[in-house]
Amino acid sequence: MDMKKVNSLDFTEFVSVFRNVVERCPLVAAAVWSHRPFSGLEDLENHFFAFIDALPKSGQEGILRCHPDLAGRDVLMGRLSEESRREQSHAGLTSLKTHDRLRLLHLNQEYRKRFGFPFVVAALLSDRATVFQELARRLHCQPESELRTALDEVKKIIHLRLIDLLDSHYFGVE
Ligand code: GUN
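The numbers attached to residues start from 1 for each chain and follow its sequence in the written order. Under the rules for a predicted model, residues below a pLDDT of 70 receive no local features and side-chain atom pairs below 80 are neither given nor counted, while totals for whole chains, interfaces and linings still include all residues. To get the side-chain values, all heavy atoms of the structure are used, and hydrogens and water are removed first.

Q: Please clarify how helix H7 (residues 82-90) should be interpreted in this entry.
A: It helps to recall that an α-helix has 3.6 residues per turn; residues three or four apart then point in one direction. Only protein chains enter the accessibility calculation, which uses a 1.4 Å probe; a residue whose area is less than 20% of its type maximum is buried, one above 50% is exposed, and one in between is partly exposed. Helix numbering and strand numbering both begin at the N terminus, where a helix is a DSSP run of H or I of at least 4 residues and a strand a DSSP run of E of at least 2. Among all positions in H7, only Ser 84, Glu 87 and Gln 88 are buried. Projected down its long axis, H7 carries its buried residues within an arc of 95°, all on one side. A contact between two residues is defined here by any heavy atoms of the two lying within 4.5 Å. Structurally, H7 contributes buried residues whose contacts are with helix H6 (73-76) and helix H10 (143-165). Downstream of H7 by one or two residues, Gly 92 has phi in the positive range, about 75°. Of all possible arcs, the one meant is that of the directions from the helix axis to the C-beta atoms.

Okay, structure coming up:
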């Protein structure tokens, strides 16, 4: 889909296409539609980022809490969004051996206990070993900086999901 097509979408169509650019948060796409027309991918993604940046801390934490745990219950129950399933599968997290799944479950629980939201990482840019390393490392970060890190990961996910939805060779209005 090119940017001309994106700019021609009515509200319902736009939300239907971009509803899961922010995991399980279609409200963000609904708000971004108001800013059309978009000059290109960068402009479009900047509106997603600006919406998140403008939220109070409770809203930013809410965005993070909409993400399922990596290799968590939703993976086992087959309840992942298509995007999350693809990203987790890419990082080898949908086919973990029991030992690794239990280790990740434990680390996820520790992380959630410390920060109050799930561990989010751009899984498409990662692999199994790096996910474990990053989770163990970020577990010891300060809450203020960890919120910023987690939101930066959400922005990487947004960028990659938008590229996937748009023609990846197309970055501007003709
Ligand atoms: N990274 C990419 N997708 C996801 C997801 O669905 N959940 C979490 N926690 N991290 C992700």
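Q: Is there a simple way to think about the side chain of Glu 61 in this case?
A: Here Glu 61 shows up in helix H5 (residues 57-65). With sequence-adjacent residues up to four places away left out, Glu 61 is seen in contact with Phe 117 and Leu 147.

Q: Is there a simple way to explain empty space enclosed by the protein in this structure?
A: Rolling a probe over the atoms, with the probe sized like a water molecule, indicates the empty space that remains. Cavity: a set of points on a 1 Å grid over the protein atoms alone where a 1.4 Å probe fits but cannot get out. Pocket: an open set with protein on both sides within 12 Å along at least five of seven lines, its lining residues, like those of a cavity, having an atom within 4 Å of a point. Grid points are joined across faces, edges and corners, and a volume is the space filled by probe spheres set on the points. With the rule as written, the count across this model stands at one cavity of 30 Å³ or more. If you add up the space inside the largest cavity, you get close to 130 Å³. Breaking the lining of the largest cavity down by element, the ones donating at least two residues are H7 and H10. Here the lining of the largest cavity gets three residues from one element, more than from any other, and that element is H7. Split by residue class, the lining of the largest cavity holds seven nonpolar, three polar and three charged. Just so you know the grouping, Ala, Val, Leu, Ile, Met, Phe, Trp, Tyr, Cys and Pro go in nonpolar, Asp, Glu, Lys and Arg go in charged, and all remaining residues, Gly too, go in polar.

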